[in-house]
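Next come the chains, spelled out residue by residue.
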Amino acid sequence: MDTLDRLAEPGLDLLRRVDTLLAAGAPDAHPVWPLLRRMQVLPGEAVRAFLDLRPAPLADAGHGVRRLVRGYDDVSTTLTDAVLWSGPAAEAYGHSRAALLHHLDEGPDSLVGRLESTAGYADALADWVEGSRLALARALADVLRSAEAVAVVAATSMVTGSAARSGPAGPGVTEAAEIAVRVLAVLCVAYDGAETLLREWAPSLAESTWRPPVAGRVRYDAPTRVGW
């Protein structure tokens, strides 16, 4: 359990009240409008969705992918063993073996390179989730002890439904919009970070394409064993 988990219950209760007030509208030209248009969701709903994001599964996925590299290393070792035969077939095999070794484990475009990039991307996402959860927790802590929170709670503790019918000029609405700005702004930065990660890592996550060896026409005669 991290800081965001500890603040989730009181934070979601406050944001549920914020959502109730904002459902009736917000003051014209308030900074909350661009954020609402961009996120397409009220702050309470946005935070509930974000709470499901956790760094541990992503970090575990990175470790799991790296464990696969050992299997590729074993195959590569087998392919580098000396071949005790000669002839055109052995030459063709050599070309194929070299191409396969290159595809398996030579450079960032190889299968091992792609595995390492995938693991690195998982690690980067885990760090992004951890940092974003911490930033959101700090924002929630700030709004929970703010004067705006007091006004929102007071406005939504009136007779049932009166606050929701009060419209964008009703009690607590401006304060609800201020809280929404502070929460949605943090989430916008978080999702910008996720999009940046995807752009940065996308070239390294592309499919590794097999390129067959280019060689002259080879007659596949029976191989000649050394010493026969």
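Read on for a plain summary of the structure. (Residues numbered from 1 in each chain as written. Predicted model: local features only at pLDDT ≥ 70, side-chain atom pairs only at ≥ 80, totals over all residues. Heavy atoms only, no water.)

**A closer look at the packing of helix α4 (residues 55-79) against helix α6 (residues 111-144)**
For the record, the criterion: An axis is simply a line fitted to the C-alpha atoms; with a helix, the fit covers only the stretch in contact. Between two such axes, the angle follows the N-to-C directions and lies from 0 to 180 degrees. The numbering of helices and of strands both runs from the N terminus, where a helix is a DSSP run of H or I of at least 4 residues and a strand a run of E of at least 2. Angle categories: roughly parallel below 35 degrees, roughly antiparallel above 145, roughly perpendicular from 65 to 115, and oblique for all the rest. Note: crossing handedness is left-handed where the near helix turns anticlockwise from the far helix by less than a right angle, and right-handed where it turns clockwise. Each residue gets one label: Ala, Val, Leu, Ile, Met, Phe, Trp, Tyr, Cys and Pro are nonpolar, Asp, Glu, Lys and Arg are charged, and the others, such as Gly, are polar.
Put simply, α4 and α6 touch, their axes get as near as 8 Å, and they point 165° apart. With respect to each other, α4 and α6 are oriented roughly antiparallel. Note that α4 runs across α6; the crossing there is left-handed. Among the residues making up the contact of α4 with α6, the classes are represented as 15 nonpolar, 3 polar and 5 charged.

**A few points about the packing of aromatic side chains**
Selection criterion: Geometry of aromatic contacts follows a simple scheme: Phe, Tyr and Trp rings, the Trp one being its six-membered ring, pair when their centres are within 6.5 Å, and the pair is stacked under 30 degrees between planes, edge-to-face over 60, tilted otherwise. Classification of residues uses two cut-offs on accessible area relative to the type maximum, computed with a 1.4 Å probe and protein chains only: under 20% is buried, over 50% is exposed, and between them is partly exposed.
Overall, the coordinates contain 4 aromatic pairs when judged by the stated rule. Relative to Tyr191, the ring of Phe50 lies with its centre 6.0 Å away and its plane at 80°, an arrangement referred to as edge-to-face. Of this pair, Phe50 sits in helix α3 (residues 43-50) while Tyr191 sits in helix α8 (residues 173-205), and the two are 141 residues apart along the sequence. Note on Tyr191: relative accessible area 31%, which makes it partly exposed. A centroid spacing of 6.4 Å and a plane angle of 50° characterise the contact between Trp128 and Tyr191, whose relative ring orientation is tilted. Pair noted here: Trp128 is in helix α6 and Tyr191 is in helix α8, with a separation of 63 residues, a long-range link. Here the aromatic cluster, defined as three or more aromatic residues joined through ring pairs, consists of Phe50, Trp128 and Tyr191.

**A look at the side chain of His103**
So the rule is basically this: Here, two residues are considered to be in contact whenever any of their heavy atoms come within 4.5 Å of each other.
With respect to the helices, strands and loops of the structure, His103 is situated in helix α5 (residues 88-105). A relative accessible area of 14% places His103 in the buried class. Apart from residues lying up to four places away in sequence, His103 is in contact with Ser110, Leu111, Ser208, Thr209 and Trp210.

**Some points on the packing of helix α2 (residues 32-39) against α8**
Packing of α2 against α8 brings their axes to within 9 Å, and their N-to-C directions diverge by 45°. By the angle between their directions, the pair α2 and α8 is classed as oblique. Judged by the sense of rotation from one axis to the other, the crossing of α2 with α8 is left-handed. Listed contacts from α8 to Val32, Leu35, Leu36, Arg38 and Met39 of α2 are Ala177, Ala180, Val181, Leu184, Ala185, Leu187, Cys188, Tyr191 and Asp192. Residues belonging to the contact of α2 with α8 are distributed by class as follows: 12 nonpolar, no polar and 2 charged.

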